[in-house]
Amino acid sequence: MEAECDPISRVMGGCNERTTIYEWVWDTSFETPRLQLDNRNLEVKFHPGYSIGTAAIRGNKMMSKGRHHYWEVKMITPVYGTDVMVGVGTKKADLTSTTDSFCSLLGRDNESWGYSYRGYIQHSGQFKEYTACFKQGSIVGVHLDTWRGTLQFFLDRKPLGIAFTGLRGMELYPMVCSTAAKSRMKVTYSCSMPASLQMECLSILRPVQKAYLNTAFPGLKYLSQSIFAEILQKTNVRKLSETAITDVLA
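To start, this report covers the structure provided alongside it.

How each quantity is defined
Residues numbered from 1 in each chain as written. Predicted model: local features only at pLDDT ≥ 70, side-chain atom pairs only at ≥ 80, totals over all residues. Heavy atoms only, no water. Helix = DSSP H or I, 4+ residues; strand = E, 2+ residues; numbered from the N terminus. Buried < 20%, exposed > 50% of the residue type's maximum accessible area, 1.4 Å probe, protein only. Areas by Shrake-Rupley, 256 points an atom, 1.4 Å probe, with all protein chains shown as cover. Polar contact = N/O pair within 3.5 Å; in protein donor to acceptor, adjacent residues only side chain to side chain. Contact = heavy atoms within 4.5 Å. Pairing = 2+ DSSP bridges. Core = buried A, V, L, I, M, F, W, Y, C linked by side-chain atoms within 4.5 Å. Salt bridge = Lys/Arg side-chain N within 4 Å of Asp/Glu carboxyl O. Axes fitted to C-alpha atoms, helices over the stretch in contact; angles between N-to-C directions.

### Examining the overall build of the protein
Point 1. Looking only at helices and strands, the protein has five helices and 15 strands in total.
Point 2. Counting over 250 residues, the protein shows a buried share of 50%.
Point 3. When the accessible surface of the protein is totalled, it reaches about 12,200 Å², and 53% of it is carbon and sulfur.

Structural data, given as structure tokens:
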């Protein structure tokens, strides 16, 4: 599915010259009067009238194994209420039994993993403080490394740190949920790339080194200019920063 290259993708370096490819959209089989899709199934509107429970939806494609997956979800309307969450889950995740009750759905069982707008993460019913809260206008990024089995969230393109591990080999889908009436969110970007040693190496290079490689080895441009080179580099910088802080405190 193709669309014009949006500003978010240009900033992240994920566009080719003319188009952005959305690798998946929201699954229309979950559409009900309480959950409506729009804008080529990239945008979801929860509880169009009023809310009496929790509505959720997943992507229409499973995240392929052995790849880096990254997508961004923009909060179009105010974020409030019991919970609004972004995350992943297996095909067994129960997304339909809470339509008449308010809850933090993603991560409520052991089949899903969620990040709440309140700033915590959840899995198997266990809450854990994470980092920042998100709100209207926020862009929540999700990086799923199916090779290492890690899940990390970004807020306005800043890494928040690894949220979950142990996901290697699992068949996972992107998911979102909301209890807030008339709340809307939209997938603004989704892409993937095979996990490789080349990508890991490129992620630790400085800009001048990347520029040299692009000139000396033009065939590597598709890697060095990939969105994942920036994502992994930001992650490595965060890890180094956290290590330095730990060393100082010690």
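### Notes on the side chain of Thr90
Point 1. In this fold, Thr90 is placed in the loop between strand 7 (84–89) and strand 8 (112–116).
Point 2. The class of Thr90 is buried, set by a relative accessible area of 11%.
Point 3. A polar atom in the side chain of Thr90 sits 2.5 Å from the side chain of Glu111.
Point 4. Once you skip the residues sitting within four places of it in the chain, Thr90 turns out to touch Glu111, Trp113, Glu171, Leu172, Tyr173 and Met175.

### Quick notes on the pairing of strand 5 (residues 55–58)
Point 1. Of the two faces of strand 5, the one holding Ala55 and Ile57 and the one holding Ala56 and Arg58 are both buried throughout.
Point 2. For strand 5 and strand 14 (residues 173–178), the ladder comprises four bridges, and the chain directions are antiparallel. Bridged to Ala56 within strand 14 is Cys177.

### A short note on the nonpolar core
Point 1. Ranked by internal contacts, the top residues of the largest apolar core, which has 51 residues, are Val44, Met75, Tyr115, Phe134, Leu151 and Phe153.
Point 2. The next biggest cluster of nonpolar side chains, apart from the first, holds five residues, and it includes Tyr70, Phe154, Cys191 and Ile231.

### Some words on the pattern of salt bridges
Point 1. Within the structure shown, the criterion is met by four salt bridges.
Point 2. Asp100 is the salt-bridge partner of Arg34, the closest N and O atoms lying 3.1 Å from each other. Here the residue Arg34 occupies a position in the loop between strand 2 (19–21) and strand 3 (35–38), and Asp100 occupies one in the loop between strand 7 and strand 8, the gap between them amounting to 66 residues.
Point 3. Relative accessible area serves as the criterion here: at 30%, Arg34 is assigned to the partly exposed category.
Point 4. Assessed through its relative accessible area of 56%, Asp100 is described here as exposed.
Point 5. Between Arg184 and Glu43 there is a salt bridge; the shortest N-O distance is 2.8 Å. Separated by 141 residues along the polypeptide, Arg184 in strand 15 (residues 183–194) and Glu43 in strand 4 (residues 43–46) bring together distant segments of the chain.
Point 6. Judged by relative accessible area, Arg184 falls into the partly exposed class, the value being 29%.

### With respect to the environment of Ala181
Point 1. Relative to the helices and strands, Ala181 resides in the loop between strand 14 and strand 15.
Point 2. We classify Ala181 as partly exposed; its relative accessible area is 23%.
Point 3. Between the C-alpha atom of Ala181 and that of Thr54, which follows or precedes it by 127 residues, the distance is 9.8 Å.
Point 4. Setting aside residues up to four positions removed in sequence, Ala181 forms contacts with Phe46, His47, Gly49, Tyr50, Ser51 and Tyr80.

### A closer look at the sheet that holds strand 15
Point 1. The strand order across the open sheet built from seven strands is 3-4-15-6-11-12-13, with neighbouring strands paired in antiparallel fashion. The open sheet has two edge strands with one neighbour each: strand 3 and strand 13 (158–164). For this sheet the average axis-to-axis angle between neighbouring strands, irrespective of direction, equals 25°.
Point 2. Where strand 12 (residues 150–155) and strand 13 come together, four bridges link them in antiparallel fashion. Looking across to strand 13, one finds that Leu155 is bridged to Lys158.

### Topic: unusual backbone geometry
Outside of glycine, negative phi angles account for most residues, and trans bonds account for most peptide bonds.
Point 1. Positive phi outside glycine occurs at Asn41, with the angle close to 65°.
Point 2. Looking at the secondary structure, you find Asn41 in the loop between strand 3 and strand 4.
Point 3. Not every positive phi belongs to a glycine, and Ser124 is a case in point at roughly 55°.
Point 4. Mapped onto the elements, Ser124 comes out in the loop between strand 9 (120–123) and strand 10 (126–129).
Point 5. A relative accessible area of 34% places Ser124 in the partly exposed class.

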